[in-house]
Amino acid sequence: MATASFRFYEELNDFLAPDRRYREFQAVCASAATVKHMIEACGVPHTEVELVLVNGESSGFDRLLRDGDRVSVYPKFEAFDITPLLRVREHPLRHVHFVADAHLGGLARLLRMTGFDTLYDNHFADDAIEAIAAADGRIVLTRDRELLKRRTITHGCYVHELKPERQLHEIFGRLDLAGAARPFTLCLECNAPLHAIDKALVEDRLPPNVREHHQRFSTCDVCRRVFWEGSHWVKMRALVARLLGG
């Protein structure tokens, strides 16, 4: 067996035992243990990691650890470009299609509100989420760190916040989504595109007060819901403005 030294940076420390946070510590490695195996043995899902240095050199997840190795593990960088270094995934984490687990229905609706294709069903089992992520190249959103440790899930975010609006702010900040947002272009219920529709075509489906006071409408061809700019839309518009800075 080998003994290696580990140091995790920034928010990755949230996954560690308290006595291992923000400091270098030693860990005994199993026979033929890889970088990925030991990072997850320490409690950190591999999807949260963007860069690994072993003895000061950038490394992939499949590197075998040797006695005396020093491993530095970093999350996604916001402040500077690490293009010359070896990232641990072939593709960046900024692909903006998501699949959310059963506990993140509120977040899924808010992501759809801001225009991000987000699959969600409160009956999705972990196996189904894993299969969808692999088939469609989607980012997995979850509060289950064990789900993110699954081998075929290459892109994912552990959601730290508990309330949907704060979760939305968290994901927007971590993945720098503001520039790609297209608010009010997807159905909040079924994730399909919305399109404008003439009032005359939906009048018979409108409540009397809406029919009297509103002129602009959009609809979804999948669930056939009709949307208008009512009080709920005003609240959502204010949330979008806060996210996008104006």
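Below is a short write-up of the structure. (Residues numbered from 1 in each chain as written. Predicted model: local features only at pLDDT ≥ 70, side-chain atom pairs only at ≥ 80, totals over all residues. Heavy atoms only, no water.)

### Looking at the sheet that holds strand β6 (residues 98-100)
Phase 1: The parallel open sheet is built from four strands, whose spatial order is β7-β6-β8-β9. For this open sheet the edge positions go to β7 (118-120) and β9 (156-158), each flanked by a neighbour on one side alone. Strand after strand, the sheet turns through a mean of 20 degrees between neighbouring axes, direction not considered.
Phase 2: In terms of strand pairing, β6 meets strand β8 (residues 139-142) through three bridges, oriented parallel. (Pairing = 2+ DSSP bridges. Helix = DSSP H or I, 4+ residues; strand = E, 2+ residues; numbered from the N terminus. Axes fitted to C-alpha atoms, helices over the stretch in contact; angles between N-to-C directions.)

### Thoughts on helix α2 (residues 105-113)
Because the α-helix completes a turn every 3.6 residues, residues three or four places apart line up on one side.
Phase 1: The buried fraction of α2 is high, at seven of nine residues.
Phase 2: For α2, the complete set of buried residues consists of Gly105, Leu107, Ala108, Leu110, Leu111, Arg112 and Met113.
Phase 3: Where α2 is buried, its residues meet β6, β7, β8, α5 (164-175) and α7 (231-244).
Phase 4: The first or second residue beyond α2 is glycine 115, which carries a positive phi of 95 degrees. (Buried < 20%, exposed > 50% of the residue type's maximum accessible area, 1.4 Å probe, protein only. Contact = heavy atoms within 4.5 Å.)

### Considerations on the sheet that holds strand β3 (residues 51-54)
Phase 1: Pairing is mixed across the open sheet formed by five strands, whose spatial order is β2-β1-β5-β3-β4. On the outer flanks of this sheet lie β2 (25-29) and β4 (57-58), each paired with one strand and no other.
Phase 2: Pairing geometry for β3 and β4, over two bridges, is antiparallel. Looking across to β4, one finds that leucine 53 is bridged to serine 58.

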